[in-house]
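# Topology and contacts: notes
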Number of protein chains: 2
Amino acid sequence: VLEGDTLTRVWEKTIPHLRPTVLLSSPRLDEALGPNGPRVAVATETFQHTGSFKLRAATAVTEHARARRLLTASSGNFGAALARAAARAGLACTVVMPAQSARVKIDSVRRFGAEVDLIDTTVTSRAARLAELAAADPEAQVVSPYDDPYVVAGNATLGAEIFAAERPDVVVTPVGGGGLASGLAVARDRLAPSVELIGAEPRLANDAARSLRSGTLCSNEGETGTICDGARTVSLGALNFAILRDGMADVLEVDDAVVVRALRLLFEAVNLKVEPTGALAIAAVLQAPERFAGKRVVCVVSGGNVDRAAYARWLGDG
Amino acid sequence: VLEGDTLTRVWEKTIPHLRPTVLLSSPRLDEALGPNGPRVAVATETFQHTGSFKLRAATAVTEHARARRLLTASSGNFGAALARAAARAGLACTVVMPAQSARVKIDSVRRFGAEVDLIDTTVTSRAARLAELAAADPEAQVVSPYDDPYVVAGNATLGAEIFAAERPDVVVTPVGGGGLASGLAVARDRLAPSVELIGAEPRLANDAARSLRSGTLCSNEGETGTICDGARTVSLGALNFAILRDGMADVLEVDDAVVVRALRLLFEAVNLKVEPTGALAIAAVLQAPERFAGKRVVCVVSGGNVDRAAYARWLGDG
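Report follows, based on the coordinates.

Definitions and limits used
- Residues numbered from 1 in each chain as written.
- Chains lettered and ligands numbered in written order.
- Predicted model: local features only at pLDDT ≥ 70, side-chain atom pairs only at ≥ 80, totals over all residues.
- Heavy atoms only, no water.
- Helix = DSSP H or I, 4+ residues; strand = E, 2+ residues; numbered from the N terminus.
- Rg over C-alpha atoms; globule rule 2.2 N^0.38 Å.
- Buried < 20%, exposed > 50% of the residue type's maximum accessible area, 1.4 Å probe, protein only.
- Pairing = 2+ DSSP bridges.
- Right-handed = clockwise from strand over helix to strand, strands pointing away.
- Axes fitted to C-alpha atoms, helices over the stretch in contact; angles between N-to-C directions.
- Parallel < 35°, antiparallel > 145°, perpendicular 65-115°, else oblique.
- Contact = heavy atoms within 4.5 Å.
- Disulfide = S-S within 2.5 Å.
- Buried area = accessible area lost by both parts, 1.4 Å probe.
- Salt bridge = Lys/Arg side-chain N within 4 Å of Asp/Glu carboxyl O.
- Polar contact = N/O pair within 3.5 Å; in protein donor to acceptor, adjacent residues only side chain to side chain.
- Nonpolar A, V, L, I, M, F, W, Y, C, P; charged D, E, K, R; others polar.
- Phe/Tyr/Trp six-rings, centres within 6.5 Å; stacked < 30°, edge-to-face > 60°.
- Lys NZ or Arg CZ within 6 Å of the ring centre and 35° of its normal.

A separate point is the overall build of chain A. In terms of regular secondary structure, chain A is built from 13 helices and ten strands. Against the 2.2 N^0.38 benchmark of 20 Å for 318 residues, chain A shows a C-alpha radius of gyration of 18 Å, consistent with a compact globule. Its C-alpha atoms give chain A principal-axis dimensions of roughly 60 × 45 × 35 Å. A total of 318 residues make up chain A; the buried ones form 63% of that total.

Right under this line is the structure:
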């Protein structure tokens, strides 16, 4: 983990390339969470460049790159972010993506000139394909979207912004590989140590919840079909688990149906378009408002990139 | 028109109750407008309290109220805004609304404790019903959503924010009754006199375009069926026309089908949920990008309140 002056320097090199997060609250949102529910502020990264928080990590990585070519595997948002950050820094970039990724996410990677390497995740794992590519180009730097100290330090800039503006009791954040959650834990430890950090994870991919409960790093059996495509990661990264084991108070498992309700609530009460993974934190609060009764809660909306037709379907049903 | 120190004082009393506008740009949006198109920044009021710019006007009015009870007619957004501002200021409020208004807009007025008076606009005009209510309570203050110097001064705060952050060549804004456009003109005259102001109006309700062309105030024959329900106003206000006759360079008439394309483009390229009226400025640029070639353009997105089912339909079709 990067700490102290090193962390400060990473933040200083990263922040100028970011758009500040947008903090929103809404009486209608608080109403929907019940009369004794929490007062919620949403920290939305949907307007970050490339539409998700991942540009924070990607920028920290490209600002400290150890090679002229970067390789990564990503369900999409990290790929687009690394492609953009690499293009700005003059680095080449290849992104391994599941062939079933949202179309809009594949296009976003290609827009910035990166190469997209599509795989069938029922046949090959992303890790295996990444290892093949790395063996073919030993000079290239393999970048994990979460299990990397610069990724964690870059994502921590979001926590720095939140704690500069708000003094919540709890921060709730989506958890996939744990890069965002561990970044928030690092920022919290430095800037607001009394704030509780809670993860929100799809029940269909509940490796982080199991890992936290058991105290050992657990994995899902391959990638699951949750609509939260940013949280299909098979397990937390090793570095992320090391930070989150003591740094995160709890992980709440959320049903996909509640994620759809949260996506609609953000549409109706906050005028906010989010992707399913981005709705996880609000879904966790919707599912268990009593857990947050009377508290000031910041819910992180991690991103907004979602296919138009899929979103229309989630909005329209029921 | 309020000017000089009077305008400054209205701004000082109004701004503390507002959420600052959110300025967004996107390479994908600029791409969609063509290789020689404009560079666009969106100034979005979808996250303003009550979900539209109208809270600016409503706050200026309630901060300078001349009675304990306010009466207004509104297709919805001004109603919700005045209801909220009145509740905060401890004033009673009645809002005359077309019965066919979006459900979400009616609910938003009622949420703040205001009385909603629904009328069938094919039978009664809003003005006639408002006159009835005013006759029944001569003490009450009738508030126009646009034709009022405090409304114009309040809306001008949006221009103040835009010109503090950006120095565009052109500002494009939706036009209904002209309250927003004339507010922007007032701010422009004071802070950035070289900026061109252009209106965007539904072709189905093109009274402002005809008024500007002819130099006389024209009206539509009753309220039309454009999907831009915030711009169904029958004519510009007298004060607004007086300001806009010389203050607005042009009014572009936009087809509803292009409004739907603009709504989708804002969804896909900017992660922004907007109501049809809010998409008018982007639609005007989409419809005639050559008119804006090479220019720096700020497009005002006036609001984001729209029924979920209707939005899903516009997103999903085609």
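Before going further, it helps to spend a moment on the pairing of strand β8 (residues 196–202) of chain B. Residue and element names in this part refer to chain B. Here β8 lies mainly inside the structure; six of its seven residues are buried. Bridge count for strand β7 (residues 170–174) against β8 is five bridges, and the pairing is parallel. The residue bridging V172 from the neighbouring strand is I198, located in β8. This β-α-β element, β7 to helix α8 (residues 179–191) to β8, shows right-handed connectivity. As paired elements, β8 and strand β9 (residues 250–254) share five bridges and run parallel to each other. Across the sheet, P202 pairs through a bridge with V254, a residue of β9.

Two measures define how a pair of helices packs: the angle their axes make with one another and the distance between the axes. All names here are of chain B. Interaxial distance between helix α1 (residues 4–14) and helix α3 (residues 54–63) falls to 9 Å at its minimum, and their mutual angle equals 105°. As far as their axial angle goes, α3 and α1 are roughly perpendicular. On α3, the residues touching V10, K13 and T14 of α1 are R56, T59, A60 and E63.

With that out of the way, let us pick up the state of the cysteines. Residues and elements named next belong to chain B. Summed over the entire model, instances satisfying the criterion amount to zero disulfides over all chains. Distance from the sulfur of C299, which forms no disulfide, to the nearest cysteine sulfur (C228) is 14 Å. Residue class for C299 comes out buried when judged on its relative accessible area of 0%.

Our next topic: the interface of chain A and chain B. On the side of chain B, 27 residues touch chain A, which itself brings 27 residues to the contact. The junction of chain A with chain B conceals about 2,600 Å² of combined surface from both sides, 55% of it contributed by carbon and sulfur atoms. The three residues of chain A that bury the most area against chain B are A:N271, A:K273 and A:R308, which together make up 30% of that side's buried surface. In this assembly, chain A and chain B are joined by four salt bridges. For B:E31, the salt bridge is made with A:R111, and the minimal N-O distance between the two is 3.4 Å. In this structure, the connection of chain A to chain B is made through 16 residue pairs in polar contact (both at pLDDT 80 or more). Contributions of two or more residues to the side of chain A that touches chain B are made by β1 (22–25), α2 (27–32), α5 (103–111), α11 (256–270) and α13 (308–316) of chain A. The element best represented in the side of chain A that touches chain B is α13(A), accounting for five residues. Its residues assigned to classes, the side of chain A that touches chain B shows ten nonpolar, eight polar and nine charged.

What follows concerns the sheet that holds strand β1 (residues 22–25) of chain B. All names here are of chain B. A sheet is described by the order of its strands in space; here six strands give the open sequence β1-β2-β10-β7-β8-β9, paired in mixed fashion. Single-partner strands in this sheet number two, and they are β1 and β9. Taken over all neighbouring pairs, the strand axes of this sheet differ in orientation by 25° on average, direction set aside. Bridge analysis of strand β2 (residues 39–44) against strand β10 (residues 296–301) gives six bridges, and the strand direction is parallel. Within β10, the residue paired with A43 across the bridge is V300. Where helix α11 (residues 256–270) meets the sheet, it contacts β1, β2, β8, β9 and β10, and its direction lies at approximately 95° from that of β9.

Each α-helix winds once per 3.6 residues, and so residues spaced three or four apart point in a common direction. Residues and elements named next belong to chain A. Where helix α9 (residues 207–214) is concerned, the buried positions are D207, A208, A209, S211 and L212. Buried-residue contacts for α9 involve β8 (196–202), α10 (238–247) and β9 (250–254). Directly after α9, the chain includes G215, whose backbone phi takes a positive value near 75°.

This part is about the packing of aromatic side chains. As enumerated under the stated definition, the model contains five aromatic pairs over all chains in all. Judged by centre distance (5.0 Å) and plane angle (55°), the rings of A:Y311 and B:F267 are tilted. Within this pair, whereas A:Y311 is found in helix α13, its partner B:F267 is found in helix α11, the two belonging to separate chains. In terms of burial, A:Y311 and B:F267 fall into one category: buried. Since its relative accessible area comes to 0%, B:F267 is described here as buried. A cation over an aromatic ring shows up here: A:R190 above the ring of A:W11, its NZ or CZ 5.3 Å from the ring centre. Sitting over the face of the ring of B:F267, A:K273 holds its NZ or CZ atom 3.8 Å from the ring centroid.

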